[in-house]
Amino acid sequence: MLHLTIDGVSINVPAGTTVLEAARGMGEYVPTLCWHPNLTPANACRACVVEIEGSRALVSSCSRQAEDGMVVKTKTERVHNARQVIAELLTSTNNTASAGDLQELVSHTAANTLRFAGGETWEQPLRDDNNLFVRNYDACILCYRCVEACGVDVQNTFAIAVAGRGFDAHIDTGFDRPLPESDCVFCGNCVEVCPTGALLDKKEYELRQSGRWEEQDITTTRTTCSYCGVGCELELHVMDNQVVKVTSPEDNPITHGMLCVKGRYGYEYVQVHEDITEPAP
Amino acid sequence: MIYRLFPNPELELATAPASRERLVERGFERAYENAQEIGSDTVIQHIQAIRLGGRGGAAFPTARKWLSVKNEAESIKYVVMNADESEPGTFKDRELLLRDPLGPLTGLLIAASAVGAQQAYVYVRGEYRDVEIRIQEAITVLAEAGWIGPGKVSIDVRRGAGAYIAGEETALFNSIEGYRPEPRVKPPYPTAQGLFHKPTLIQNVETLANIALLFAHDVDWFRAVGTDATPGTKLVALSGHVANPGVYEVPFGIELGALIGDGQYGGGTGTGRPLKAVLMGGAAGTFITPQEAFEARLDYPDLAKFGAGVGSGAIMLFDSTADLGRILTGLARFFADESCGQCVPCRIGTKRILELLETQRLWDRRADLKDLATAMTDASICGLGQTAANALVSAMNRPSLWNEPAAL
Ligand SMILES: Cc1cc2nc3c(=O)[nH]c(=O)nc-3n(C[C@H](O)[C@H](O)[C@H](O)COP(=O)(O)O)c2cc1C
Ligand code: SF4
Ligand code: SF4
Ligand code: SF4
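We now turn to the structure provided with this report. (Residues numbered from 1 in each chain as written. Chains lettered and ligands numbered in written order. Predicted model: local features only at pLDDT ≥ 70, side-chain atom pairs only at ≥ 80, totals over all residues. Heavy atoms only, no water.)

Some points on the packing of helix α2 (residues 77-91) of chain A against helix α3 (residues 100-108) of chain A
All names here are of chain A. Inclusion rule: Note on geometry: axes are lines fitted to C-alpha atoms, helical ones only across the stretch in contact, with angles between N-to-C directions running from 0 to 180 degrees. Helix numbers and strand numbers start at the N terminus; a helix is a DSSP run of H or I with at least 4 residues, a strand a run of E with at least 2. Our angle categories are set so that under 35 degrees counts as roughly parallel, over 145 as roughly antiparallel, 65 to 115 as roughly perpendicular, and the remainder as oblique. Note on convention: near helix rotated counterclockwise from far helix by under a right angle means a left-handed crossing. Clockwise means right-handed. In this analysis, two residues are considered to be in contact whenever any of their non-hydrogen atoms come within 4.5 Å of each other.
For the pair α2 and α3, interaxial distance at closest approach is 9 Å and the crossing angle is 130°. Here α3 runs oblique to α2, going by the angle between their axes. In this structure, α2 meets α3 at a crossing whose hand is left-handed. Between α2 and α3, the residues in contact are R83, I86, A87, L90 and T91 and L102, L105 and V106, respectively.

Next up, the structure:
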């Protein structure tokens, strides 16, 4: 057990615990935007920074392992200023309409969303180039989750990466090719982990656009994917007796919320009502 | 004039920079053998005794890094020479490598044997093709001397592809590994998990040249110039409104006034107009006033009084015609262009600072700017974002540089 002090309270945590886990375990509010329980910490958003005695700069708590004797402060003026400015910078840049975690950070830090607004933004056309999901990068906060999910953390497909630098850094399929021309296998795991709505299933996108996506009318049913012998656990999201989305529980020990293209998107056959009466020509 | 890191003029005329004669005449052969003989513990003690700090900008105690890497139990370790040199106003490593490449390379080999590395890398700025060729020539000389080759340390040269951020040590490792040069979060530190996630010693060119000099001579010789706090000499790069721009080797502790005004160094602004401001330490450095410059000496404790540092040794002078707003806009554009874009405070913060400067809303947005600069310094991942607002804040804190009454 390691012994550390967080906001004046001493606690014991097992070795390997991150400062974020330790602080949240005590009930402290530590915001995160890029951190995801099933992905490697990207350290990119910097919202989870805390003060650690002996460190000149603030420290991202999501990736920092707790150490014996560490003295951590999560509520100082510096921490607050950093989080507030981060919220203000992101809102000055991105469309945050469907970014729940970011909206929470804004209200928690009482951020003034107009403070740094008025300059260049990430406003850009929707990328709608396939039947399964759309990419709405004006909402993208460059959290790296999709890149990690597409890469070594989950999918090992490497269809997308960060390209460009500074304010022009962005998620790219390689020369901004349409997704179907990229290496993408349409597993949708990037959509699953995207925290801002920048990546959205096409079905959900269309229903939302036409005002027919009613969160309160959606029920979820757990079942098992029937495509292959792995038998991933699925959650069918059903609205008006139609499957509108398929996910897998984030805490499922096999899938960790990740699926393949068949499990995630191959559900339309269950709601096609014309019987097949003769073999395809 | 003092000649230590640079060879004296007679030797420069008599021998080629990358030649066996130069290796011998400069005492580097002696240095290499001497270091092998006394063993790594003594080598590190000597480095400690001259209080050598890194010359790449951060002045981190060199001996501490060597000890950490040496003490790592891993069998595979690396040493790296950082010759990426891409900060505006910094051009001393280029000059040093062109004029005396065997010094830094000898230092690199001494480092490799002291910490137990079999593989060394030289990471050189991509635009420095002439430097790269000179390094390759020097490596050939070392191979002929039998210091590198099969069964011994090998040295590979890697070329940067045009990004300032690739000079940041962990970004540099990513670049050598074939990834985007995005800085990594520390800890783990390079000494424990650096290049290819193995213990790695990375040093600036000039730091390694000092190592070669130390073992070509001894601790007392090394300490005979400079100050108690910082023995030895420093390469400074003078640029801007200066009569004699260029790289000068000077002892630590030299009066900045002499360095700027003396005919054998800067020789004044050279424009006939008075000095208005001095930028100490490059783009991420600190603006000081002429009054401060004439009080200060080139040493860390002394410059700290003015909130400044030696940095990489870049000193930029500006005369009375200089438009500080435009200069700051140029610096802000540099950081906005060179940010890797990985973290929010730096990716968006550098952009917003640039926009504020371009629209000349600096002074009425003082309070917001202060919060932004603080957040960038506190919460950015790497030194780029952490220091990108330094020069701006230092300038705004010195009302006499402007005709503005109040400080930030
Ligand atoms: C943005 C950035 C750029 C850097 N560029 C260089 C460089 O070009 N050369 C260099 O020696 N150090 C550079 N550094 C510092 C290195 O990260 C590292 O501290 C240095 O190479 C260590 O060597 P030293 O201790 O001998 O100075 C840079 C740091 C940052 C944050
Ligand atoms: S759908 Fe799968 S393969 Fe395609 S970009 Fe997303 S994670 Fe990568
Ligand atoms: S698209 Fe979504 S998951 Fe990918 S970086 Fe942007 S916000 Fe993160
Ligand atoms: S501070 Fe800037 S350069 Fe450094 S990691 Fe963050 S975005 Fe990249």
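Let's talk about helix α8 (residues 169-177) of chain B
Residue and element names in this part refer to chain B. Quick note on the threshold: Exposed residues in this analysis have more than 50% of their type's maximum accessible area, buried residues have under 20%, and partly exposed residues fall in between, with area computed by a 1.4 Å probe over protein chains only.
Judged by how many residues are buried, α8 sits mostly within the fold: seven of nine residues are covered. Those residues of α8 hidden inside the fold are in contact with β1 (78-83), β2 (119-124), β3 (154-159) and β4 (200-204). One or two steps after α8, the chain reaches G178, where phi turns positive at roughly 100°.

Regarding the interface of chain A and chain B
Note on interface size: it is often stated as the accessible area lost on association of the parts. The following threshold applies: A quick way to say it: buried area is the sum, across both parts, of accessible area lost when two parts are put together, with a 1.4 Å probe. One speaks of a salt bridge when a side-chain nitrogen belonging to Lys or Arg is within 4 Å of a carboxyl oxygen belonging to Asp or Glu. When residues are sorted by character, Ala, Val, Leu, Ile, Met, Phe, Trp, Tyr, Cys and Pro go into the nonpolar class, Asp, Glu, Lys and Arg into the charged class, and all the rest, Gly among them, into the polar class.
Opposite the 36 residues of chain A that make contact, chain B presents 35 residues. Across the interface of chain A and chain B, roughly 2800 Å² is buried in total on both sides, 53% from carbon and sulfur atoms. Viewed at the interface, chain B and chain A are joined by five salt bridges. For the salt bridge of D368 of chain B with R115 of chain A, the shortest nitrogen-to-oxygen distance reads 2.9 Å. Among the elements that make up the side of chain A that touches chain B, the one with the highest residue count is α2 of chain A (seven residues). Of the residues that constitute the side of chain A that touches chain B, the class distribution is 20 nonpolar, nine polar and seven charged.

Some remarks on the site of ligand 3
Using the following cut-off: One heavy atom suffices: a residue is near a molecule or strand as soon as one of its heavy atoms comes within 4 Å of it.
Close to ligand 3 lie 14 residues; C140, C143, C146, C194 and T196 of chain A are nearest. A breakdown of the residues in the shell around ligand 3 according to their chemical character gives twelve nonpolar, one polar and one charged.

Quick notes on the site of ligand 2
Neighbouring ligand 2 are F133, C150, T157, C184, V185, F186, C187, G188 and C190 of chain A. The class makeup of the residues in the shell around ligand 2 is seven nonpolar, two polar and no charged.

Structural notes on the pattern of salt bridges
All names here are of chain B. Inspection of every chain in the model, using the stated rule, returns 47 salt bridges over all chains. Put simply, R22 and D100 hold a salt bridge, and the shortest N to O gap is 2.9 Å. Here the residue R22 occupies a position in helix α2 (residues 20-25), and D100 occupies one in the loop between α5 (92-99) and α6 (102-115), the gap between them amounting to 78 residues. Each member of the pair, R22 as well as D100, is classed as buried. Of the charged contacts in the structure, one is a salt bridge between R159 and E132, with a shortest N-O distance of 2.8 Å.

Quick word on unusual backbone geometry
What is expected of a backbone is that most residues other than glycine have negative phi and most peptide bonds are trans. With an omega of -10°, the peptide bond between K186 of chain B and P187 of chain B qualifies as cis. Assignment of secondary structure puts P187 of chain B in the loop between α8 and β4. Note that the residue after P187 of chain B, namely P188 of chain B, is joined by a cis bond; omega there is 0°. One non-glycine residue, D7 of chain A, lies in positive phi territory at about 50°. Within the element layout of this structure, D7 of chain A appears in the loop between β1 (2-6) and β2 (9-13). Positive phi values are uncommon outside glycine, yet D240 of chain A reaches one of about 50°. Take D240 of chain A: it is sitting in the loop between β11 (233-239) and β12 (242-247).

Notes on the sheet that holds β1 of chain B
All names here are of chain B. Applied cut-off: Two strands are said to pair when DSSP picks up at least two bridges between them.
The strand order β3-β2-β1-β4 describes an open sheet built from four strands, whose pairing is parallel. Single-partner strands in this sheet number two, and they are β3 and β4. Taking the axes of each pair of neighbouring strands and ignoring which way they run, one obtains an average angle of 20° across the sheet. Here β2 pairs with β3 via six bridges, running parallel. By the bridge assignment for β3, Q119 is matched with S154.

A short note on the packing of helix α14 (residues 324-338) of chain B against helix α15 (residues 344-358) of chain B
Residues and elements named next belong to chain B. Direction vectors running N to C along α14 and α15 enclose 155°, while the axes themselves pass 9 Å from each other. Relative to α15, the element α14 is oriented roughly antiparallel. Between α14 and α15 lies a crossing whose hand is left-handed. Contacts from G325, L328, T329, A332, R333, F335 and A336 in α14 reach T350, K351, I353, L354, L357 and E358 in α15. Grouping the amino acids of the contact of α14 with α15 by side-chain chemistry returns seven nonpolar, three polar and three charged.

Examining the environment of V205 of chain B
Residue and element names in this part refer to chain B. By the element assignment, V205 lies in helix α9 (residues 205-216). Given the relative accessible area of 0%, V205 is considered buried. Each C-alpha atom of the pair V205 and C382 lies 21 Å from the other, and the pair is 177 residues apart in sequence.

Considerations on the layout of surface pockets
Counted only if it meets this: Using a 1 Å grid laid over the protein atoms alone, points where a 1.4 Å probe fits but cannot get out form a cavity; open sets with protein on both sides within 12 Å along at least 5 of 7 lines form a pocket; any residue with an atom within 4 Å of a point counts as lining. Grid points are joined across faces, edges and corners, and a volume is the space filled by probe spheres set on the points.
There is about 1200 Å³ of room inside the second largest pocket. Around the second largest pocket sit 31 residues that line it, and E148 of chain A together with N174, E182, R184 and Q342 of chain B are the ones nearest its centre. Where the lining of the second largest pocket is concerned, the elements lending two or more residues are α4 (145-150) and β7 (161-163) of chain A together with α8 of chain B. The leading source of residues in the lining of the second largest pocket is α8 of chain B, at three residues.

With respect to the pairing of strand β5 (residues 233-240) of chain B
Residues and elements named next belong to chain B. Burial runs high along β5: seven of the eight residues are buried. Relative to strand β6 (residues 246-251), β5 runs antiparallel, the two sharing six bridges. By the bridge assignment for β6, V236 is matched with Y248. Here β5 hands over to β6 after five residues, the two strands then running antiparallel side by side. As judged from the four bridges shared by β5 and strand β9 (residues 314-319), these two strands associate in the parallel manner. Within β9, the residue paired with A237 across the bridge is A314.

What about a nonpolar patch on the surface?
Residue and element names in this part refer to chain A. Quick reminder of the rule: Patch definition: residues above 30% relative accessible area lacking any salt bridge, with like charges linked at up to 9 Å and the nonpolar side chains Val, Leu, Ile, Met, Phe, Trp and Tyr linked at up to 5 Å. Only the protein chains shown count as cover for residues, with accessible areas throughout obtained via the Shrake-Rupley method and a probe of 1.4 Å.
A grouping of Y227, Y269 and V270 is seen on the molecular surface, where their side chains present a nonpolar patch of about 310 Å² in accessible area. Looking at the secondary structure, you find V270 in the segment after α7 (261-265). Relative accessible area serves as the criterion here: at 47%, V270 is assigned to the partly exposed category.

Regarding the sheet that holds strand β10 (residues 219-224) of chain A
Residue and element names in this part refer to chain A. Taken in spatial order, the three strands make up an open sheet running β10-β11-β12, and their pairing is antiparallel. The outermost strands of the open sheet, each flanked by one partner alone, are β10 and β12. Strand-to-strand twist of the sheet, defined as the mean angle between neighbouring strand axes without regard to direction, takes the value 30°. Note that β11 and β12 share five bridges and pair antiparallel. Paired with M239 across the bridge in β12 is Q242.

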